[in-house]
Amino acid sequence: MKKVFLSVMSLFAVALLSAKDIYVNSPGTTLLLKAEAGLPLHVSYYGERVADAEQVYRAYSLWEDAYPAFGLGNYDITALSVRHSDGNMSTELTYLSDVVTTEGNSTVYTITMKDKVYEFLVDVCYRTYDNSDVIETWSVIRNNEKKPVSLLKYASGFLPIRQGNVWVQHEHGSWGAEAQVSEEALKPGIFEIHDLTGTKNAYMNRPNLMISLDGKPQENYGRVVGAALCWSGNFRMTIDTQGKKIHRFVAGIDDTNSQYTLKKGETFTTPVLALTYSNEGLGGASRSFHRWARKNNMVHNGTALRKTLLNSWEGVYLNVSQDGMEKMMDGVKQLGGELFVMDDGWFGNKYKRSVDDCALGDWVTDTGKLPKGVPALEKACTERGLKWGIWIEPEMTNTKSELYEKHPDWVVCHPTREPSTGRGGTQLVLDMSNPAVQDFVYKVVDDIMTETPNTYYIKWDCNMETKNFGSHYLSADNQSHLYVDYHLGLIRTLKRIRAKYPDLVIQCCASGGGRVNYGLMPYFDEFWVSDNTDAKQRLFIQWGTSMFFPACAMAQHVSASPNHQTRRSLPLKFRFDVAMTGRLGMEMKPSDLSADEMKFAQSCFKTYKETIRPIVQQGDQYRLISPYEGNGYCSEMFVGEDKKEAIFFAYKFEHYVDFFRPRFYFAGLDPNATYTLTELCRQGNADHWEGSSFTGRFLMQQGVEIDFRGEYASKVIRLTRGS
Ligand code: DGJ
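Residues numbered from 1 in each chain as written. Predicted model: local features only at pLDDT ≥ 70, side-chain atom pairs only at ≥ 80, totals over all residues. Heavy atoms only, no water.

(A) Focus on helix α2 (residues 281–297). The first and last C-alpha atoms of α2 sit 23 Å apart over 17 residues, in line with the 24 Å expected at 1.5 Å per residue. Burial of α2 is extensive: 15 of the 17 residues sit out of reach of the surface. (Helix = DSSP H or I, 4+ residues; strand = E, 2+ residues; numbered from the N terminus. Expected span 1.5 Å × (residues − 1). Buried < 20%, exposed > 50% of the residue type's maximum accessible area, 1.4 Å probe, protein only.)

Set out below in structure tokens:
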């Protein structure tokens, strides 16, 4: 939904009516299209970069619509389905023109198709970048008919995939167990993932798919197509397998109860579907997405190092107080952290947020808990040389709130219905399709920034699904716009906030990882990966999240032991080593650490900031041993872009006598360079390889054995390239 026809800097080619090949090229890949007057746009190839279309045509017979529409010829799954202004439900799109433009470091291909009979146009658009192998696709649907048309289905993109031994991998989950990796072979019939929660589209199924063309997906080899839908609302990703030739992949906004009406002259721009192709397995596809996000698609690009922080939630939950917050600030200062964030519990006037059943929407300080107000806390942070951050959940309210008493019609609910409530038996979702609500949400942030202008970080939470379909604001005819207009309203509001506060760091949280999607990445700096901070389970959740999202966007906090979600006790070193593969933070009272633990934690913060952070947050990630393999180990590494430095992580989370001891094969190194290994955050004696040098080739091909001692053992190793 973005960057459509912004600043067009140059024009390469315009409208050719004869047949032509359109090469949508990223540095290493090509999506080959065929455009011919009187015919729909066709897609004939997606894979490694090619320069010779004729060779492709001689080799393959892939000849599918690039954006199939329902009604004439297409009885298979389609990307578009329309009821035209006269009631006709068939659409026949044919190529009209194309234009290629450059916008900054990207190239945009816009291919316009028009219905043969109706004044109904579709621009099928693609964007490539000069620095990553992701191709974005979306469409712009235009109604120039005399009366309204209804969009019954309006996918973002379509891709035919040749049948063979094709597998699909995706991440599914639930609260506290997000991003669980699941994979299966495609069989005749439908493979589909979707989300219908309305607000938190990444809990159950993330809007992403990896499609492996060479059998069961492998980490480091095999051809893989990755797809991520850049949308935060309901979605559907379908692979339809009929016959023996191709799988048809369609992805976009879920059409359930979401028919969208376009009045004469109106346009609908679908969200972007981001595609990548790699012949380096899942890892190659992930690295493409990470690079694309870091360099082109995140609110602050990947050069900004993310600050270490302490978040108050698991330390005090709703029991915030002036003294308690200041003690935590002292704690994070002592640890060497850089930012303190006050979580839920700080607000409420008539209703006090001491229980989670009230006060959302009443964003005024609870002066009973914080008599000196939030500005005093911001000041206390600044005086300690720390940055200040605060929690809000601005899209929500409670029936027990002054906001709801004043504006009962602002919640998502049909006027005829009694609303069903969420958390605390009272929570409700505000109707972001309503411009008055959008203004309110904008003002929540604006007021905070006015009262405490040094606020560096906001944790933006979202803890409820849209349980009550219906809107007081939308007209009777447009009720079916709710799921879409909610998110358009949210994006509009976020854009406004970003325009005024470009430097603000904002975390995207939705009861943990409920909103980990690329639709929100242009506005948010990071995701709270999960409310589950148990380091063992986090290995699985973080592994799944890393399939599509870069480490700099993954907020990972060390919490207390025993852990509050699983009651599992884990060594502090293991907890740190797991958290340090993303943006490191803490989620406990530092005063609960013993003197020895504090000393160790301080050394971890120091090492993370000085040595680990730049490589983890800006380097390329190589996943080595998957925790899902089930042999009790997990390992991954990050390599700086210039391959001078790398940081390796390994974890052992099962323990038996004579336990299997794998070799760890490194990846991503310069094979001809020599690397010296140094253990970081070490506890105990040095390993046999400490301080030794190896060639990159040896480390990658022969591997290294690691002497893990005891249960929940872990290692962090720095690799430094010799001159
Ligand atoms: C859910 C979030 O995921 C938690 O981290 C915390 O912020 C709570 N909400 C606060 O209510």
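Now that the structure has been shown, we can carry on.
(B) Structural context of the sheet that holds strand β28 (residues 505–508). As summarised here, the arrangement of the 8 strands in space is β22-β23-β24-β27-β28-β29-β30-β31, forming a closed barrel in which the pairing is parallel. Looking at each pair of strands side by side, their axes are set apart by 30° on average, direction ignored. Alignment of strand β22 (residues 309–311) against strand β31 (residues 583–587), held across 2 bridges, turns out to be parallel. Residue L310 lies in a different strand from β31, and its bridge partner there is M586. Where helix α5 (residues 373–383) meets the sheet, it contacts β23 (339–342), β24 (387–392) and β27 (455–460), and its direction lies at approximately 145° from that of β24. The sheet contacts of helix α10 (residues 572–579) involve β30 (554–559) and β31, and relative to β30 the element is tilted by about 175°. (Pairing = 2+ DSSP bridges. Axes fitted to C-alpha atoms, helices over the stretch in contact; angles between N-to-C directions. Contact = heavy atoms within 4.5 Å.)

(C) Broad picture of the side chain of D531. Note that D531 resides in the loop between β29 (526–528) and α9 (535–546). It is K459 that comes nearest to the buried, bridge-free D531 among opposite-charge side chains, at 5.7 Å. For D531, the side chain forms a polar contact with the side chain of W175, separated by 3.1 Å. In this view, D531 contacts W175, E178, E314, S511, G512 and Q565; residues no more than four positions away in its chain are not counted. (Lys, Arg positive; Asp, Glu negative; His and termini not counted. Salt bridge = Lys/Arg side-chain N within 4 Å of Asp/Glu carboxyl O. Polar contact = N/O pair within 3.5 Å; in protein donor to acceptor, adjacent residues only side chain to side chain.)

(D) Fine view of the nonpolar core. Counting 193 residues, the largest nonpolar core has Y126, F249, M342, W346, W460 and F576 as the members making the most contacts within it. When residues in this core are grouped by element, the largest group, 9 residues, is from helix α11 (residues 595–618). Discounting chain neighbours no more than four positions away, the residues touching F249 are G157, F158, L159, I161, L209, I211, A227, M237, T238, I239, L273 and L275. Among the nonpolar cores identified, the runner-up in size contains 26 residues, and Y622, I625, V639 and W689 belong to it. (Core = buried A, V, L, I, M, F, W, Y, C linked by side-chain atoms within 4.5 Å.)

(E) Examining the pattern of salt bridges more closely. Under the defined criterion, the tally for this structure stands at 48 salt bridges. Residue E92 pairs with K116 through a salt bridge whose shortest N-O separation is 3.7 Å. Taken together, the residues E92 in the loop between β6 (80–83) and β7 (93–103) and K116 in the loop between β8 (106–115) and β9 (120–129) connect sequence positions 24 residues apart. Relative accessible area serves as the criterion here: at 30%, E92 is assigned to the partly exposed category. Judged by relative accessible area, which is 48%, K116 ranks as partly exposed. Between D447 and K443 there is a salt bridge, with its nearest N and O atoms 3.1 Å apart. With D447 and K443 both in helix α7 (residues 435–451) and 4 residues apart, the pair spans about one turn of that helix. Look at D447 and you get partly exposed, because its relative accessible area is 37%. Several salt bridges converge on common partners, so that one network encompasses R661, R663, E705, D707 and R709.

(F) Representation of the domain arrangement of the chain within the structure. What the domain assignment lists for the chain is domain 1 (82–297), domain 2 (301–618) and domain 3 (623–721). Computed over C-alpha atoms only, the centres of domain 2 and domain 3 are separated by 34 Å. Each side of the interface is counted separately: domain 2 has 25 residues, and domain 3 has 32 residues. In total, about 2,500 Å² of surface goes out of reach between domain 2 and domain 3, with carbon and sulfur atoms giving 73% of it. At the boundary of domain 2 and domain 3, one finds 1 salt bridge. K536 is the partner of E654 in a salt bridge, and the nearest nitrogen-oxygen pair spans 3.8 Å. (Domains from an automatic or database assignment. Buried area = accessible area lost by both parts, 1.4 Å probe.)

(G) Looking closely at the environment of S433. Counting through the fold element by element, S433 comes out in the loop between β26 (427–429) and α7. Assessed through its relative accessible area of 7%, S433 is described here as buried. Along the backbone, S433 and T94 are 339 residues apart, and their C-alpha atoms lie at a distance of 34 Å. If sequence neighbours within four positions are ignored, S433 has contacts with Q438, S471, Y473, L474, L482, D485 and Y486. At 2.6 Å, the side chain of S433 forms a polar contact with the side chain of D431.

(H) Structural view of the packing of aromatic side chains. Within this structure, the stated rule accounts for 37 aromatic pairs. Measuring from ring centre to ring centre gives 6.0 Å for F347 and W391, while their planes differ by 15°; the resulting arrangement is stacked. Remark: W391 occurs in strand β24 and F347 occurs in the loop between β23 and α5; sequence separation between them is 44 residues. Note on accessibility: F347 and W391 belong to one class, buried. Taking the centre distance of 5.7 Å and the plane angle of 85° together, the rings of F648 and F664 count as edge-to-face. You can see F648 sitting in strand β34 (residues 645–652) and its partner F664 sitting in strand β35 (residues 663–664), a full 16 residues away along the chain. (Phe/Tyr/Trp six-rings, centres within 6.5 Å; stacked < 30°, edge-to-face > 60°.)

(I) Highlighting the sheet that holds strand β39 (residues 713–721). Pairing is antiparallel in the open sheet, where 6 strands are placed in the order β32-β33-β34-β39-β36-β37. Because the sheet does not close on itself, it has two edges, and the strands there are β32 (620–625) and β37 (693–695). Strand-to-strand, the axes of this sheet are offset by a mean angle of 25°, without reference to chain direction. As paired elements, β34 and β39 share 8 bridges and run antiparallel to each other. For A646, the partnering residue across the bridge sits in β39 and is L719. Against the sheet, α11 makes contact with β32, β33 (633–639), β34, β36 (674–680) and β39, and its axis sits at roughly 95° relative to β34, the strand it touches most.

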